[in-house]
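Residue strings, one per chain:
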Amino acid sequence: MAVDRCTGGDELPEGCIAKALSLTSPKDACRLSLVASPFRSAAESDAVWDRFLPPDYYDIISRSIDGPDSLAFGSKKELYLYLCDNPILIDSGTKSFSLEKWSGKICYMLAARSLQIVWVDTPRHWRWISLPESRFSEVAELLDVCWFDISGKINTNMLSPDTRYGAYLVFTTKSRTYGFENQPAESSVGIAGHERDTHTFYLNPQGGRRQRQYRYQVVPRRLGIFTHHMARILREETEDTPKGHHPKQRSDGWMEIELGEFFVKRGQEAELEMSLTEVKGGDRKSGLIVEGIDIRPKE
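A short tour of the structure in this document, coming up. Just so you know, the residues in each chain are numbered from 1, in the order the chain's sequence is written. Only residues with pLDDT of at least 70 are given local features in this predicted model, and only at 80 or more are side-chain atom pairs given and counted; all residues enter the totals for whole chains, interfaces and linings. Side-chain measures were taken over the full set of non-hydrogen atoms in the model, leaving aside hydrogen atoms and water.

Let's shift gears to the overall build of the protein chain. A run of H or I in DSSP becomes a helix once it reaches four residues, and a run of E becomes a strand once it reaches two; helices and strands are each numbered from the N terminus. The secondary structure content of the protein chain amounts to 9 helices and 14 strands. Across the 299 residues that make up the protein chain, the buried fraction comes to 44%. Should any heavy atoms of two residues lie within 4.5 Å, those residues are considered in contact. A sequence separation of at least 24 residues applies to 69% of the contacts in the protein chain between residues at least 6 apart. Working definition: with a 1.4 Å probe on protein chains only, accessible area under 20% of the residue-type maximum means buried, over 50% means exposed, and in between means partly exposed.

Laid out in structure tokens, this is it:
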């Protein structure tokens, strides 16, 4: 019976329960709060949620463009939940910081302003615009380039240790987007100075489908048997074309595509580089609107 009472939490001091909960995860703490009233009370304590916040969280929120006072909450749990649902802008608005809700892992988005974009300062190639749906004050709109090259950097000590991360290009397109249909872009993610794997993907939402439509349109219509023969050849060629990855819709209305993944080791301090290019096709490109690169834990 004594074991049963202890298991229920009635015989354990709240501080002891809070210490045990702080060694779990936010998800487990919420689940265990349903076990008994002492667990529920302990799961609300600052001692638990202070452990779930990053060790340097105060330094991070002090860099908020709205100031740390804008994040003054009555409890550490309230602050934690706010940071999960409301990315805050830091470093003069060039980055956003948030937490992954069920794990407390750190998430960043690098704004387009903090990326290295070739020709971005040439008005006929790119321009900076504001969109109400963006978390950042400015996003980069592609006007006209042949050489598409974007890269970003972040230090691994800014991220959660022992965690696998993914890097995602976040963007949207205009109705007149063109130039990405026939040639896939290439991405790479990895530590600076080390060899990195590359991936290919199509930046237009329809992937290879626009390419397929275009090729059928150029087949002559009045050449009889020759027409059917050419149509078959072009169809086989299109079907054999690697399709790569395609963009996915995000809950915030933007689109994203994964550039690659990487594992952050505990104690590691290195510069992580992410890049995406399309410099082989030679097609003129336009209509892409880049919000930034999202860096978040993978399941």
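Disulfide assignment relies on a single distance test, namely cysteine sulfur atoms paired within 2.5 Å. Evaluated as defined, the whole model comprises 0 disulfides. Not engaged in a disulfide, the cysteine C30 finds its nearest cysteine sulfur in C84; these two sulfurs lie 9.7 Å apart. With no disulfide partner, C84 has as its closest neighbouring cysteine sulfur the one in C107, 8.3 Å distant. Classification of C84 by relative accessible area gives buried; the value is 14%.

It is worth spelling out the packing of aromatic side chains at this point. Aromatic pairs are defined between Phe, Tyr and Trp rings, using the six-membered ring for Trp, whenever the two ring centres lie within 6.5 Å; interplanar angles under 30 degrees are classed as stacked, those over 60 as edge-to-face, and all others as tilted. Considering all chains together, one arrives at 7 aromatic pairs under this definition. On the basis of an interplanar angle of 40° and a centroid distance of 5.1 Å, the ring pair of F73 and Y82 is categorised as tilted. Residue Y82 is classed as partly exposed on the basis of its relative accessible area of 30%. Both rings, one in Y165 and one in F262, keep their centres 5.7 Å apart while their planes meet at 10°; by these two values the pair is stacked. On the criterion of sequence distance, the pair formed by Y165 in strand 8 (residues 163-178) and F262 in strand 12 (residues 255-264) is long-range, its members being 97 residues apart. Assigned by exposure class, Y165 and F262 land together as buried. Taken together through their ring pairs, the aromatic side chains of W49, F52 and Y80 make up a single cluster. In this scheme, Lys NZ or Arg CZ marks a charge over a ring once it lies within 6 Å of the ring centre and within 35 degrees of the ring normal. The aromatic ring of W128 is capped on one face by R113, whose charged end is 3.8 Å from the ring centroid.

Attention now moves to helix 7 (residues 76-85). Along helix 7, the positions that sit buried rather than exposed are K77, L79, Y80, L83 and C84. For helix 7, the angular spread of buried residues about the axis comes to 160°, placing them on one side. Buried residues along helix 7 sit in contact with helix 3 (26-32), helix 5 (46-52), helix 6 (57-61), strand 1 (88-90) and strand 2 (95-99). Comment: arc refers to directions from the helix axis out to C-beta atoms.

Moving on, we get to the sheet that holds strand 7 (residues 148-155). With antiparallel pairing, 5 strands are arranged side by side in an open sheet as 4-7-13-9-10. Here the strands that pair on one side only, and so sit at the sheet edges, are strand 4 (116-117) and strand 10 (198-201). Taken together, the 8 bridges between strand 7 and strand 13 (residues 271-278) define a ladder with antiparallel strand orientation. In the strand pairing of strand 13, G152 is matched with M274. Being paired, for any two strands, means DSSP has found at least two bridges between them.

Together, W119, W147 and V279 make up an exposed nonpolar region whose accessible area comes to about 310 Å². Among the structural elements, W147 can be located in the loop between strand 6 (139-142) and strand 7. On the accessibility criterion, W147 (45% relative accessible area) is partly exposed. Like-charged residues are merged into a patch within 9 Å and nonpolar side chains (Val, Leu, Ile, Met, Phe, Trp, Tyr) within 5 Å, provided each residue has over 30% relative accessible area and no salt bridge. Areas reported as accessible are Shrake-Rupley estimates using a 1.4 Å probe. Residue values count occlusion only from the protein chains shown. One speaks of a salt bridge when a side-chain nitrogen belonging to Lys or Arg is within 4 Å of a carboxyl oxygen belonging to Asp or Glu.

Glancing now at the pairing of strand 12. Buried residues dominate strand 12, accounting for 7 of its 10 residues. One ladder, built from 9 bridges, connects strand 8 with strand 12; its direction is antiparallel. Residue pairing for strand 12: L169 is matched across the bridge by I257. Note that strand 11 (residues 248-249) and strand 12 share 2 bridges and pair antiparallel. Within the sheet, the bridge partner assigned to Q249 lies in strand 12 and is M255. Between strand 11 and strand 12, which pair antiparallel one after the other, the connecting turn spans 5 residues, and G253 there sits at a positive phi close to 95°.

Here we take up the pattern of salt bridges. With the rule as written, the count across this model stands at 22 salt bridges. We note a salt bridge from D59 to R63, for which the minimum N-O separation is 3.5 Å. Of the residues examined, D59 reaches a relative accessible area of 43% and is grouped as partly exposed. Looking at R63, the relative accessible area reads 27%, which means it is partly exposed. Between R250 and D294 there is a salt bridge, with its nearest N and O atoms 3.2 Å apart. On the criterion of sequence distance, the pair formed by R250 in the loop between strand 11 and strand 12 and D294 in strand 14 (residues 286-297) is long-range, its members being 44 residues apart.

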